[in-house]
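# Chains, contacts and geometry: an overview
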Amino acid sequence: MFPKIIILSALFALSAAVPSNLTNISVRAAKSYTVSANEVSFVQAWGYCSNQNKAFASVLTQAQNTAIVNSLVSYPTGTFWIGGIYLQHGALKTWYWVNENEDFSYQNWQRTPVITTTTINYCILLNYNATSKTGAWTAEICSNGHYFICEN
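Throughout what follows, the structure given in this document is the object of discussion.

Along an α-helix, residues three or four apart share an orientation, since each turn contains 3.6 residues. Burial analysis of helix α2 (residues 42–51) places 8 of its 10 residues in the buried class, which makes it a mostly covered element. Of all the residues in α2, the buried ones are Phe42, Val43, Gln44, Ala45, Trp46, Gly47, Tyr48 and Cys49. Following α2 by one or two positions, Asn53 has its phi on the positive side, about 55°.

Quick look at the pattern of salt bridges now. Applying the stated criterion across every chain yields a total of 1 salt bridge. Between Lys31 and Glu151 there is a salt bridge whose closest N-O contact spans 3.3 Å. Of this pair, Lys31 sits in the loop between β1 (24–27) and β2 (33–36) while Glu151 sits in strand β9 (residues 147–151), and the two are 120 residues apart along the sequence.

Taken as a whole, this structure holds 2 disulfides when the rule is applied. Disulfide pairing places Cys49 opposite Cys150 at an S-S distance of 1.9 Å. Between Cys49 and Cys150 the disulfide shows an S-S torsion of about -85°. By sign, it is left-handed. With Cys49 in helix α2 and Cys150 in strand β9, the pair connects residues that are 101 residues apart, well separated along the chain. In the protein, numbering the disulfide-bonded cysteines from first to last in sequence yields the connectivity 1-4, 2-3.

For the rest of this paragraph, the subject is the nonpolar core. One recurring pattern in soluble globular proteins: nonpolar side chains tend to sit buried together. In terms of nonpolar packing, the biggest core is built from 25 residues, with Ile68, Leu72, Ile82, Trp95, Tyr128, Trp137 and Ile149 touching the most fellow members. Only β2, α3 (62–71), β4 (78–89), β5 (92–97) and β7 (122–129) provide two or more residues apiece to this core. A total of 4 residues in this core trace back to one element, the largest contributor, which is β7. Among residues more than four places away in sequence, those in contact with Ile82 are Phe42, Phe56, Ala57, Val59, Trp97, Ile124, Leu126, Trp137 and Ile149. Counting 17 residues, the second-largest nonpolar core is a separate cluster that includes Phe42, Ala45, Trp46 and Cys150.

Reading the values: rules and limits
- Residues numbered from 1 in each chain as written.
- Predicted model: local features only at pLDDT ≥ 70, side-chain atom pairs only at ≥ 80, totals over all residues.
- Heavy atoms only, no water.
- Buried < 20%, exposed > 50% of the residue type's maximum accessible area, 1.4 Å probe, protein only.
- Helix = DSSP H or I, 4+ residues; strand = E, 2+ residues; numbered from the N terminus.
- Salt bridge = Lys/Arg side-chain N within 4 Å of Asp/Glu carboxyl O.
- Disulfide = S-S within 2.5 Å.
- Core = buried A, V, L, I, M, F, W, Y, C linked by side-chain atoms within 4.5 Å.
- Contact = heavy atoms within 4.5 Å.

Structure representation (C-alpha cells):
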C-alpha cells in the first residue's frame, strides 16, 4: 500500500482546474456509474468525481469490469478513464487504484503495458468496444483527454 501523500505528490504535476461545464449520464448496474459527456485529463476526471461525492471507478474483479461494460451498452465504442494509475517512487513501480488505496489484484490488459520513462505519468483507460461488448484496458498518458467513469 502507498500512503496517499505519494499519490498526491505524483499527481500534483498533472493538476488542472476541473471544468464546471461537464455533464454526465447516470447508468444502472450493481454499483451506480456516472459516465462523462466531456473529455478531460485523468486528474480533472478524478476531481470531478470527488466534487460530485463519487469515487473514480475502480475495477477489482472481472464482475466489476463486466458491470461497467454492461453499463456502457448505449454508448458507441470509446475510451474511458477509470481510477488506475502507474506509480513510480524510487525502485517501487506498480499500478494502483486511487480510491481503493491498494495495488491491483485483478487486471484486464488489452496488452501488457511497458513503461520505460519516469517523466510521464500513465493512467488506465477502459477501451469499450460496442460491437463485442468488451472493455479491455490500456495505459495512456494521464494528461490526455478522455471520457471517464465515476461510481457510487
